[in-house]
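Examining the three-dimensional arrangement
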Amino acid sequence: MIELKPVVLERSGIRLEPLAEEHLPGIERAAADGELWNLWFTAVPGPGQARRWFEHAMAGLQSGTMLPWAVRDANTGEIVGSTRYHDIVAPIDRVEIGYTFYPQRRHRTALNTTCKLLLLAHAFDTVGCAVVGLRTDNFNFKSQRAIEALGAKKDGVLRHHQARKDGSVRDSVMYSILRSEWPDVKRHLELRLARHVASAEKRSG
């Protein structure tokens, strides 16, 4: 049975730090870049909501169903988002990755690929997970494309599954990566990250 504990994960200038109260100002600034809370199908904290968002994450940590991180750019020290394991089912060695957001200016960069590599490697190689799940709103087409681009397999759609922040009820599109699939997914993501880095170096050069 898997056992999860808060831990710092780092590579390629990105550091995942166990979420703490000190991260809240940076979390608010990251969410404000692009006013991500205006997307009705996301769970990004809006103005004045970061405290409640943080308390929900801490409640999940205490119950053993969540393990949340703040995402920091190790080169600048700036908080550039958040992510977490959630819906942890330790007896069957399962976690899900979600509650992820980044500032709009960091979309379509190496940030998400780096974070997913860190989280998946920790889940499969260190913790010993049998499967890692991902889910998203049926109307969050951008998220669905991003998850599929990771190499996750679509499991199906759970109808009338989860309440949105506005009180409406969403269908959840469910994905997963099995332990046996992880080596190929890892190779794919490592190549993708190398291409991101090469593209960034070419632009800066």
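Right, let's walk through the structure included here.

Quick notes on the rules
Numbering of residues starts from 1 in every chain and runs along the sequence as written. Given that the model is predicted, a residue must reach a pLDDT of at least 70 before its local features are reported, and side-chain atom pairs must reach 80 or more before they are shown or counted; all residues, however, enter totals for whole chains, interfaces and linings. Side-chain metrics in this entry use all non-hydrogen atoms of the structure; hydrogen atoms and water are not considered. Helix and strand assignments follow DSSP, with helices taken as H or I runs no shorter than four residues and strands as E runs no shorter than two, numbered in order from the N terminus. Radius of gyration: C-alpha atoms only; globule rule: 2.2 Å multiplied by the number of residues to the exponent 0.38. Contact criterion: two residues are considered in contact whenever any of their non-hydrogen atoms come within 4.5 Å of each other. Calculation of accessible area relied on Shrake-Rupley with a 1.4 Å probe; when residues are assessed, cover is drawn exclusively from the protein chains displayed. As used throughout, the charge tally considers Lys and Arg to be positive and Asp and Glu to be negative, leaving His and the chain termini uncounted. We put the charge of a Lys on NZ, of an Arg on CZ, of an Asp on CG and of a Glu on CD. Exposure categories follow from relative accessible area, calculated using a 1.4 Å probe and restricted to protein chains: below 20% of the type maximum is buried, above 50% is exposed, and the middle band is partly exposed. Here a salt bridge means any side-chain nitrogen of Lys or Arg lying within 4 Å of a carboxyl oxygen belonging to Asp or Glu. For two strands to pair, DSSP has to find at least two bridges joining them. Fitting a line to C-alpha atoms yields each axis, with helices limited to the stretch in contact; the angle taken between N-to-C directions then spans 0 to 180 degrees. A 1.4 Å probe that fits into a set of points on a 1 Å grid over the protein atoms alone but cannot get out defines a cavity; an open set with protein on both sides within 12 Å along at least five of seven lines defines a pocket, and lining residues are those with an atom within 4 Å of a point. Grid points are joined across faces, edges and corners, and a volume is the space filled by probe spheres set on the points. Classification convention: Asp, Glu, Lys, Arg as charged; Ala, Val, Leu, Ile, Met, Phe, Trp, Tyr, Cys, Pro as nonpolar; all other residues, Gly among them, as polar.

What to know about the overall build of the protein chain
A count of helices and strands for the protein chain gives five helices and eight strands. Secondary structure elements of the protein chain, listed N to C terminal, follow the sequence β-β-α-α-β-β-β-α-β-α-β-β-α. The C-alpha atoms of the protein chain give 16 Å as radius of gyration, which agrees with the globular expectation for 205 residues (17 Å, within 12%). Along the first, second and third principal axes, the C-alpha atoms of the protein chain reach 50 × 40 × 30 Å. For the protein chain, long-range pairs separated by at least 24 residues make up 61% of all intrachain contacts whose partners lie at least 6 apart in sequence. For the protein chain, the accessible surface area stands at approximately 10500 Å², while carbon and sulfur atoms represent 52% of it. Averaging the locations of the 29 positively and 24 negatively charged side chains of the protein chain gives two centres separated by 5 Å.

Some details on unusual backbone geometry
Phi angles above zero are rare outside glycine, and Arg108 is one such case at about 60°. With respect to the element layout, Arg108 can be found in the loop between strand 5 (94-101) and helix 3 (111-127). Of note, the phi angle at His160 is positive, near 45°, even though the residue is not glycine. Mapped onto the elements of the fold, His160 is located in strand 7 (residues 153-163). Classification of His160 by relative accessible area gives exposed; the value is 62%.

Topic: the pattern of salt bridges
Taken as a whole and assessed by the stated rule, the structure comprises 17 salt bridges. Between Asp171 and Arg159 there is a salt bridge, with its nearest N and O atoms 2.8 Å apart. On the criterion of sequence distance, the pair formed by Asp171 in strand 8 (residues 169-178) and Arg159 in strand 7 is long-range, its members being 12 residues apart. Each of the salt bridges in this network shares a partner with another, and the network as a whole consists of Glu10, Arg15, Glu17 and Arg72.

Side note on the sheet that holds strand 1 (residues 9-11)
Taken in spatial order, the eight strands of this open sheet run 1-2-3-4-5-6-8-7, and their pairing is mixed. In this open sheet, the two strands that pair with only one neighbour each are strand 1 and strand 7. Between one strand axis and the next, the sheet turns through 25° on average, direction left out of account. Examined bridge by bridge, strand 4 (residues 79-89) and strand 5 share five bridges and lie antiparallel to one another. The residue of strand 5 that forms the bridge with Ser82 is Phe101.

Here we look at the environment of Arg203
Of note, Arg203 is situated in helix 5 (residues 182-204). With a relative accessible area of 64%, Arg203 lands in the exposed category. Spatially, the C-alpha atoms of Arg203 and Leu111 are 17 Å apart, while their sequence positions differ by 92 residues.

A word on the layout of surface pockets
Approximately 330 Å³ is the volume attributed to the second largest pocket. Taken together, 17 residues line the second largest pocket, and the ones lying closest to its centre are Arg106, Thr109, Ala110, Leu111 and Ala200. Secondary structure elements with two or more residues in the lining of the second largest pocket: helix 3 and helix 5. By residue number, the principal contributor to the lining of the second largest pocket is helix 5, which donates six residues. Of the residues in the lining of the second largest pocket, the class split is six nonpolar, seven polar and four charged.

A look at the environment of Asp184
With respect to the helices and strands, the residue Asp184 is situated in helix 5. Counting along the chain gives 108 residues from Asp184 to Thr76, while the straight-line C-alpha distance between them is 32 Å.

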